[in-house]
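Each chain is listed here by its residues.
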Amino acid sequence: GVLTAVMAIIAYLQMIAVTCTDDLNLEAICGAGITGVFAGATGIAQSATGVYLVCDVGQRPVLRDLLTHSLEGTNATYGRRLVEERRMTELKSRHGTPAGVWKELGFDLDDPDASWRSRFRAQVPRDENLQNFV
């Protein structure tokens, strides 16, 4: 959040001191590098907090059920796929494999002579066309 942004601004300002002047300022380059490392570390810490909340706290049964039921009937999943699990279970039981889903969509992956395959075959250029290209 704020600490990451402040560190990034400091690093940018130090790099401005290097790139916008005619002198080589090694202290500003070194300072920008060190500040950049700290900015990255604060960003990692911020992301780690989010991962902990989503993967540990958010997966506890009570909270998971609360999130699932509060999102039912809405399109606002906030990046979560809790509501989608039931649909995936139903799709898996109806089709069995991903190939079954493609078959229902009109793309039989097990049929080597399927009509859709001819549309996606690579066109190999003839030698004279290749020579003209080069």
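Everything below is about the structure printed above this text.
Residues numbered from 1 in each chain as written. Predicted model: local features only at pLDDT ≥ 70, side-chain atom pairs only at ≥ 80, totals over all residues. Heavy atoms only, no water.

J.: Quick question: what am I supposed to make of the packing of aromatic side chains here?
T.: For any two aromatic rings, the description comes down to two numbers: the centre-to-centre distance and the angle of the planes. Counted under the stated rule, the structure contains one aromatic pair. Measuring from ring centre to ring centre gives 6.0 Å for W102 and F107, while their planes differ by 80 degrees; the resulting arrangement is edge-to-face. Judged by its relative accessible area of 43%, W102 is partly exposed. On the accessibility criterion, F107 (26% relative accessible area) is partly exposed. (Phe/Tyr/Trp six-rings, centres within 6.5 Å; stacked < 30°, edge-to-face > 60°. Buried < 20%, exposed > 50% of the residue type's maximum accessible area, 1.4 Å probe, protein only.)

J.: Just checking my understanding: could you explain the environment of A28 for this structure?
T.: Inspection of the secondary structure puts A28 in helix 2 (residues 26-55). If near-sequence neighbours (up to four positions away) are discounted, A28 is found in contact with Q14, A17 and V18. (Helix = DSSP H or I, 4+ residues; strand = E, 2+ residues; numbered from the N terminus. Contact = heavy atoms within 4.5 Å.)

J.: Could you clarify how one ought to interpret the pattern of salt bridges in this entry?
T.: Side chains that carry opposite charge are capable of pairing whenever their charged atoms lie near each other. Summed over all chains, the structure comprises one salt bridge. Residues R94 and E104 are paired through a salt bridge, measuring 4.0 Å at the closest nitrogen-oxygen approach. Taken together, the positions of R94 in helix 4 (residues 84-95) and E104 in helix 5 (residues 98-104) put the pair 10 residues apart, joining distant regions of the chain. For E104, a relative accessible area of 53% corresponds to the exposed category. (Salt bridge = Lys/Arg side-chain N within 4 Å of Asp/Glu carboxyl O.)

J.: Where do I start with helix 1 (residues 2-19) in this structure?
T.: Structurally, the α-helix is built with 3.6 residues per turn, so residues lying three or four positions apart point the same way. In this model, helix 1 (18 residues) spans 25 Å end to end at C-alpha, consistent with the 26 Å of a helix rising 1.5 Å per residue. M7, A11 and V18 are the residues of helix 1 that are buried. Taken down its axis, helix 1 places every buried residue within 35 degrees of arc, on the same side. Seen from the open side of helix 1, the exposed residues pointing more than 90 degrees away from its buried face are V2, Y12 and L13. On the buried face of helix 1, the contacting elements are helix 2. (Expected span 1.5 Å × (residues − 1). Arc of directions from axis to C-beta.)

Just geometry here; none of it tells us what the structure is for.
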